[in-house]
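Structural characterization, general
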Amino acid sequence: MTELTSEAFRSLCEEAAVHTVEVAIADTYAHLRGKRVPVGRYFDEVADSGASIADAVFILNVRDELIDHETVNMENGFLDTRIVPDPATGRLLSHRPGYALVFCDCFDEHGALQELASRSVLTAQVERCRALGVDPLVATEPEFYLCTVADDGVWQPVRPHIKYSSLTDAPDLEAALADMRAGLAGAGLNVESSNQEYGPGQIEINHGPAAAMRAAEDCILYCSIVKQVAERHGMRATFMPKPFTEESGSGLHVHTSLRGDDGANAFADSDGSPNELMSRWVAGILEHAPALSLLGAPTANGPRRIRPYTFAPTHVHWGLDNRTVLARCIVEAGSAANRVEFRSAGADANPYLLIAGLLAAGCDGIERSLELPPMAVGDMYGEPGDCAPLATDLSGNIDAFEGSAMASMLGDGFSRSYVSLAREEERLAAENNPDPDEVNDWERARYLEFS
Ligand code: GLU
Ligand code: MG
């Protein structure tokens, strides 16, 4: 795909009668923030010189509470961060005609890439892949629940029952889902299909793979567009990973493969099992899986998915087409679709950070020529053997990440900040819901709307 230039983006905006450009970044929890700018001012000024936003955005949690932070604080005065549009990321927002959106790089007061910005973290790992001569192709699969909200504020799934992939059940939801698919396609996502998932009112809309940065931004937009369209149809969508104790969680599966210099899938010559490059890549992902868990589950709610027989993995293992493993390898002899699916992250993960973590892990596997452990076969909930267990609570995820090789690969400044945010979530959860097995009303009130 040729990169969109600022001029080409301007033409697109003119043709679509855009009046407002949203100048966007994603915060640490992947919530879109930024400025709405009249289109004329955007192309006259902001496209080149950027806009400003308080650096507080990088340390705001899902409820916009400010935590105690070593650099972003009252003492330092909450400095401005310069956000500068990357014209290649320009999109029209067809679900809100007249609006376009562009993602920005963030720069600190010295003009360097802001280390706390999740886009910066991914930029560094994409560069690391390129230095190894590989270019990652990534697809994400976010799941979500559609809910209604009663007058007393209680969220209920829109459907009372599960009807996995039914084409007969719930015709009344289709108007909203059709608008979601159209809105995602309008924003440039390659929509493949939508289906009811294995939860009441739980939905997945699949879209095609893209280069790592584009895939992260597709996923961030996906969540925003789905939430906005749901609300327009009198419902609410939530990406909270485990909203209801007794029902399926919502995952964010991430598929990765690598393209070589010729642009072809470098895993294509895998023959029934991963080729050497793919073996190293997957071995890296397994090596760093415990630390990756924090990137996949940054609050106390996400780790609640990690339970037996939930279709979320409980241990560190890999297999072929097997939905009980952590790293599910899809390999067919000669296939350009060969890839590995990482299955432990929850739907509230920040895709910039999660993808950055996966790329860092895979690169480490290649650089250190890590060996793939034996393949897992069969029901890996029932018989995990000596595979390492994944943590089932936030404290375990933080402990695995803090001071880890993953934390230093992603940057010490960023990682310390990320851990401070997670420790605050841990403290609040311990105070308000100490039960490891029950999602309570406090947790729903905290995360349903803003995940
Ligand atoms: N909902 C499951 C999870 O929490 C995943 C189901 C699937 O395999 O798509 O990870
Ligand atoms: Mg699914």
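Look up: the structure comes first, before these words.
Presented here is an overview of the structure given in this document. (Residues numbered from 1 in each chain as written. Chains lettered and ligands numbered in written order. Predicted model: local features only at pLDDT ≥ 70, side-chain atom pairs only at ≥ 80, totals over all residues. Heavy atoms only, no water.)

**Focus on the coordination of the magnesium ion (ligand 2)**
- The protein atoms that coordinate the magnesium ion (ligand 2) are Glu143 (OE), Glu197 (OE) and Glu204 (OE), at distances of 2.1 to 2.2 Å.
- In primary-sequence terms, the residues that donate to the magnesium ion (ligand 2) follow E-x53-E-x6-E. Separated by 54 residues along the polypeptide, Glu143 in strand S7 (residues 135-149) and Glu197 in the loop between strand S9 (191-196) and strand S10 (202-207) bring together distant segments of the chain.
- Glu197 gets classed as buried once you look at its relative accessible area, which sits at 14%. (Donors = N, O, S within 2.8 Å, 3.2 Å for Na, K, Ca; no water. Helix = DSSP H or I, 4+ residues; strand = E, 2+ residues; numbered from the N terminus. Buried < 20%, exposed > 50% of the residue type's maximum accessible area, 1.4 Å probe, protein only.)

**Examining the pattern of salt bridges**
- Within this structure, the stated rule accounts for 38 salt bridges.
- For the salt bridge of Glu287 with Arg368, the shortest nitrogen-to-oxygen distance reads 3.4 Å. Pair noted here: Glu287 is in helix H6 (residues 276-287) and Arg368 is in the loop between helix H8 (351-367) and helix H9 (394-401), with a separation of 81 residues, a long-range link.
- According to the relative accessible area criterion, Glu287 is partly exposed, its value standing at 43%. (Salt bridge = Lys/Arg side-chain N within 4 Å of Asp/Glu carboxyl O.)

**Structural notes on the pairing of strand S15 (residues 327-330)**
- Side chains Ala327 and Cys329 project from S15 onto one buried face, and the interleaved Arg328 and Ile330 project onto a second face that is buried too.
- Of the pairings in the sheet, the one linking strand S14 (residues 318-319) to S15 comprises two bridges and is parallel in character. Residue pairing in the sheet places Trp318 in a bridge with Ala327 of S15.
- Pairing geometry for S15 and strand S16 (residues 339-342), over four bridges, is antiparallel. Residue pairing across strands places Ala327 opposite Phe342, the latter belonging to S16. (Pairing = 2+ DSSP bridges.)

**Some remarks on the site of ligand 1**
- In the neighbourhood of ligand 1, the contacting residues comprise Glu143, Glu197, Gly249, Gly251, His253, Arg305, Thr310, Phe311, Ala312 and Arg343.
- Residue Glu143 places a side-chain N or O atom 2.7 Å away from a nitrogen atom belonging to ligand 1.
- Here a nitrogen atom of ligand 1 sits 2.9 Å away from a polar atom, N or O, in the main chain of Gly249.
- Contact with the protein chains removes 92% of the 300 Å² of surface that ligand 1 exposes when unbound.
- Class assignment for the residues of the shell around ligand 1 results in two nonpolar, four polar and four charged. (Near = heavy atom within 4 Å. Polar contact = N/O pair within 3.5 Å; in protein donor to acceptor, adjacent residues only side chain to side chain. Areas by Shrake-Rupley, 256 points an atom, 1.4 Å probe, with all protein chains shown as cover. Nonpolar A, V, L, I, M, F, W, Y, C, P; charged D, E, K, R; others polar.)

**Remarks on the state of the cysteines**
- Across all of its chains, the model carries zero disulfides by this definition.
- The thiol of Cys13 is unpaired, and the distance to the nearest cysteine sulfur, on Cys104, comes to 13 Å.
- Not engaged in a disulfide, the cysteine Cys329 finds its nearest cysteine sulfur in Cys387; these two sulfurs lie 13 Å apart.
- Residue classification places Cys329 among the buried residues on the basis of a relative accessible area of 2%. (Disulfide = S-S within 2.5 Å.)

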